[in-house]
Amino acid sequence: MADVDVDLFVIGGGSGGVRAARIAAGYGAKVMVAEEYRFGGTCVIRGCVPKKLMVYASHVQREIDDAAGFGWTIPTATFDWSTFIANKDKEIARLEGIYQSNVEKTGATTVKTRAVFEDPHTLRLGTGETVNAKHILIATGGAPNHGPVIPGIEHVISSNEVFHLPELPKRIVIQGGGYIALEFACIFAGLGSDVTVIYRGDNILRGFDEDVRAHVRSEMEKDGITILTGCTVTKVDKHRHEFTTHLSSGASIASDQVLFAIGRNPNTANLGLEKAGVALKPAHGGIIVNEFSQTNVPHIYAVGDVTNRINLTPVAIREGHAFADTVFGKKTVKVDHSNIPTAVFTQPEVGTVGMSEEEARATFSHVDIYKTNFRSIKSTISGSESRVLMKLVVDGATDIVVGAHIVGPEAAELIQVLGICVKLKATKADFDATVAVHPSAAEELVTMRTPTARYVREAAE
């Protein structure tokens with residue numbers, strides 16, 4: 001390939017970069033996308049999509065157990081890890097092909113190689129060629145962070161390697177208390193592994209509503225997952241095929257695998273950003289951008305996890321689309337990062353949007369809480385002890401619902417719709433005026449009429 005000039009060069013073929021490339025090309029821009037690993041990025045290749053497939057696999061035994069209460073007699077089932085992994089890999093390869101072909105269908109060019117800055121307008125490809133670009137978008141995502149180096153850190157796997165384990169571990173130790181750590185804890189527990197979670201804080205899911213945190217922990221512990229808080233892993237020893245994980249509390253745990261999922265860092269290393277003059281936040285904080293995803297270098301932009309704003313795939317997609325609309329569609333589109341619904345695919349699922357109770361009480365003078373905790377109609381027959389939590393957080397002065405939180409089956413599906421309600425500033429009266437769908441768990445959202453708690457902040461004297 002000879003040296004070329006393009007209107008837009010995208011570094012990274014993940015969700016944000018691909019969306020930006022497709023929209024920009026649709027406006028007539030000459031676009032090139034460079035991806036050094038696999039098109040689709042973290043979400044499609046080793047994140048949200050394969051993880052959700054693993055979640056589905058881990059649900060099957062629970063469904064079999066529940067079936068007895070409904071009169072079904074099911075022979076003993078067995079699970080084959082290698083069959084599942086092969087099927088998962090086949091689906092991921094199919095999606096990867098779709099991601100790349102969808103970009104190319106718009107007329108954009110894709111190259112499977114690394115790209116780094118030579119100067120503010122020039123990229124050097126891994127093949128040696130250079131590309132001169134009028135605009136550049138950095139969409140390189142993030143990478144797992146293992147934290148401080150400890151003895152035996154080389155024995156630890158990350159959320160990258162966990163998708164390709166040669167066999168299902170009978171015992172696994174997972175350090176971390178956020179989305180990724182807890183989702184994999186529930187996945188492995190559902191597939192029959194003995195799971196221990198280690199987290200340095202006082203409780204899991206830091207930043208979530210306190211009732212949600214307590215409820216998820218309780219439900220995970222009911223399922224046999226051991227959760228140890230207030231401690232960290234200090235050392236990992238390997239003895240042939242077994243690992244011994246040493247904790248700051250003095251305890252030690254034997255396992256077949258050790259997974260660290262304590263966070264991710266923006267993927268900014270070795271991109272030549274210093275040659276382009278792109279400014280970074282301190283201490284792996286990501287690329288600094290304004291409300292239009294523009295860096296301090298006017299023609300260079302960044303979207304997604306590499307900016308370390310809200311690290312969710314749909315947010316990266318929205319940012320990439322807004323960038324293309326603004327720069328090539330001349331529409332001046334800003335992304336509203338408030339009230340973004342999100343889900344955690346633990347068992348049971350978490351769905352949340354808007355403020356937690358704690359945030360609301362720190363923001364508003366009057367806060368009303370509506371909360372219910374119940375067994376679903378399915379559980380009453382299946383015999384499951386799992387309970388559902390639903391909670392609405394209301395600004396008592398305006399009656400606007402400023403937060404909604406669900407822990408239970410299909411929470412992700414429900415919170416997508418509730419996200420619209422919160423975005424539109426629906427009031428509690430609007431919820432009350434909505435006719436319930438019966439029988440359903442969701443009807444609780446519109447039948448909670450009496451506050452379970454009311455808070456009034458005293459005025460400062």
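Residues numbered from 1 in each chain as written. Predicted model: local features only at pLDDT ≥ 70, side-chain atom pairs only at ≥ 80, totals over all residues. Heavy atoms only, no water.

### So, the nonpolar core
Side chains that are nonpolar tend, in soluble globular proteins, to be buried together. Heads up, the condition is: The nonpolar core is taken to be a set of buried Ala, Val, Leu, Ile, Met, Phe, Trp, Tyr and Cys residues, with the residues joined through side-chain atoms within 4.5 Å. Residue exposure (1.4 Å probe, protein chains only): buried if accessible area is under 20% of the type maximum, exposed if over 50%, otherwise partly exposed. We count a stretch as a helix when DSSP gives it H or I for four or more residues in a row; a strand needs E for two or more, and each element gets its number in order from the N terminus. The contact criterion used throughout is that any non-hydrogen atoms of two residues lie within 4.5 Å.
Counting residues in hydrophobic clusters, the biggest one holds 39 residues, and the most contacted among them are Phe184 and Met220. Taken together, the elements giving at least two residues each to this core come down to helix H3 (48–67), helix H4 (81–105), strand S8 (171–175), helix H5 (179–190), strand S9 (194–199), helix H6 (210–222) and strand S17 (342–344). The element contributing the most residues to this core is H5, with seven residues. Ignoring any residue separated from it by four or fewer positions in sequence, one finds phenylalanine 184 in contact with Met54, Ser159, Val162, Phe163, Ile174 and Leu259. Ile11, Ala34, Leu123 and Ala276 belong to the second-largest nonpolar core, a separate cluster that totals 23 residues.

### Describing the environment of glycine 41
With respect to the helices and strands, glycine 41 occurs in helix H2 (residues 41–46). It is 21 Å that separates the C-alpha atoms of glycine 41 and isoleucine 340, two residues lying 299 residues apart in sequence. Look past the residues within four positions of glycine 41 in its chain and what remains in contact with it is Gly13, Gly14 and Arg46.

### Comments concerning the packing of H3 against H5
Which entries qualify depends on this criterion: To get an axis, fit a line to the C-alpha atoms, keeping to the stretch in contact for a helix; angles then go from 0 to 180 degrees between the N-to-C directions. Oblique is the label for any angle not under 35 degrees, not over 145, and not in the 65 to 115 range, which are roughly parallel, roughly antiparallel and roughly perpendicular in turn. With the far helix as reference, a near helix turned anticlockwise by less than a right angle produces a left-handed crossing, and one turned clockwise produces a right-handed crossing. Charged residues are taken to be Asp, Glu, Lys and Arg, nonpolar residues to be Ala, Val, Leu, Ile, Met, Phe, Trp, Tyr, Cys and Pro, and polar residues to be all remaining types, Gly included.
At a minimum axis separation of 8 Å, H3 and H5 run at an interaxial angle of 40°. As summarised for this structure, H3 and H5 are arranged oblique, according to the angle between their axes. Regarding H3 and H5, the two cross each other, and that crossing is left-handed. Here H3 contributes Lys51, Met54, Val55, Ser58 and Gln61 to the contact with H5, which in turn contributes Glu183, Phe184, Cys186, Ile187 and Gly190. In terms of residue class, the contact of H3 with H5 is made up of five nonpolar, three polar and two charged.

### Here's the deal with the pattern of salt bridges
Heads up, the condition is: A pair is scored as a salt bridge if a Lys or Arg side-chain nitrogen falls within 4 Å of a carboxyl oxygen belonging to Asp or Glu.
The full count for this structure, using the stated rule, is 28 salt bridges. The salt bridge partner of aspartate 237 is lysine 235, with a shortest N-O separation of 3.8 Å. The class of lysine 235 is partly exposed, set by a relative accessible area of 35%. The partner of lysine 428 in a salt bridge is aspartate 432, and the shortest N-O contact between them spans 2.5 Å. Note that lysine 428 and aspartate 432 are positioned in helix H12 (residues 428–432) at a spacing of four residues, about one turn of the helix. Each of Asp209, Asp211, Glu357, Arg361, Lys371 and Lys391 takes part in one network of salt bridges that share partners.

### Examining the packing of aromatic side chains
Any two aromatic rings considered together are summarised by their centre-to-centre distance and by the angle between their planes. Here is the rule we go by: Stacked, tilted and edge-to-face pairs are distinguished by plane angle, under 30 degrees for stacked and over 60 for edge-to-face with tilted covering the rest, among Phe, Tyr and Trp rings (Trp via its six-membered ring) whose centres lie within 6.5 Å. Criterion for a charge above a ring: Lys NZ or Arg CZ within 6 Å of the ring centre, and within 35 degrees of the ring normal.
Applying the stated criterion across every chain, the model contains eight aromatic pairs. An aromatic cluster is present here, built from Phe79, Trp81, Phe84, Phe163, Phe184 and Phe188 joined pairwise through their rings. It is arginine 46 that lies over the ring of tyrosine 37; its NZ or CZ is 4.3 Å from the centre.

### Describing H4
One full turn of an α-helix is made of 3.6 residues, so residues set three or four places apart face in the same direction. Short version of the rule: Multiplying one less than the number of residues by 1.5 Å gives the expected span of a helix.
The end-to-end C-alpha separation of H4 is 36 Å, in line with the 36 Å expected for 25 residues at 1.5 Å each. Among the residues of H4, those classed as buried are Trp81, Phe84, Ile85, Lys88, Ile92, Leu95, Glu96, Gln100 and Val103. Packing partners of the buried residues in H4 comprise helix H1 (15–26), strand S2 (31–34), H2, H3, strand S3 (109–111) and H5. Positive backbone phi, at 100°, marks glycine 107, one or two positions downstream of H4.

### Concerning the sheet that holds strand S10 (residues 226–229)
Inclusion rule: Strand pairing requires that DSSP identify at least two bridges connecting the strands.
The four strands lie next to each other as S10-S9-S8-S14, forming an open sheet whose pairing is parallel. Strand pairing shows two members of the sheet lacking a second neighbour, S10 and strand S14 (257–260), which therefore form its edges. Along the sheet, successive strands turn relative to each other by an average axial angle of 15°, direction set aside. Bridge count for S8 against S9 is five bridges, and the pairing is parallel. Its bridge partner lying in S9, glutamine 175 is registered against isoleucine 198.

### Observations concerning the state of the cysteines
Filter applied, for reference: Throughout, disulfides are identified as pairs of cysteine sulfur atoms within 2.5 Å of each other.
This model, assessed by the stated rule, comprises zero disulfides. Distance from the sulfur of cysteine 231, which forms no disulfide, to the nearest cysteine sulfur (cysteine 186) is 18 Å.

### A closer look at unusual backbone geometry
Cis rather than trans, the peptide bond between glutamine 347 and proline 348 has omega equal to 5°. For proline 348, the position within the fold is in the loop between S17 and strand S18 (350–354). Positioned with a positive phi, aspartate 399 is a non-glycine residue whose angle comes to about 70°. Summarising the element assignment, aspartate 399 is placed in the loop between strand S20 (388–395) and strand S21 (401–407).

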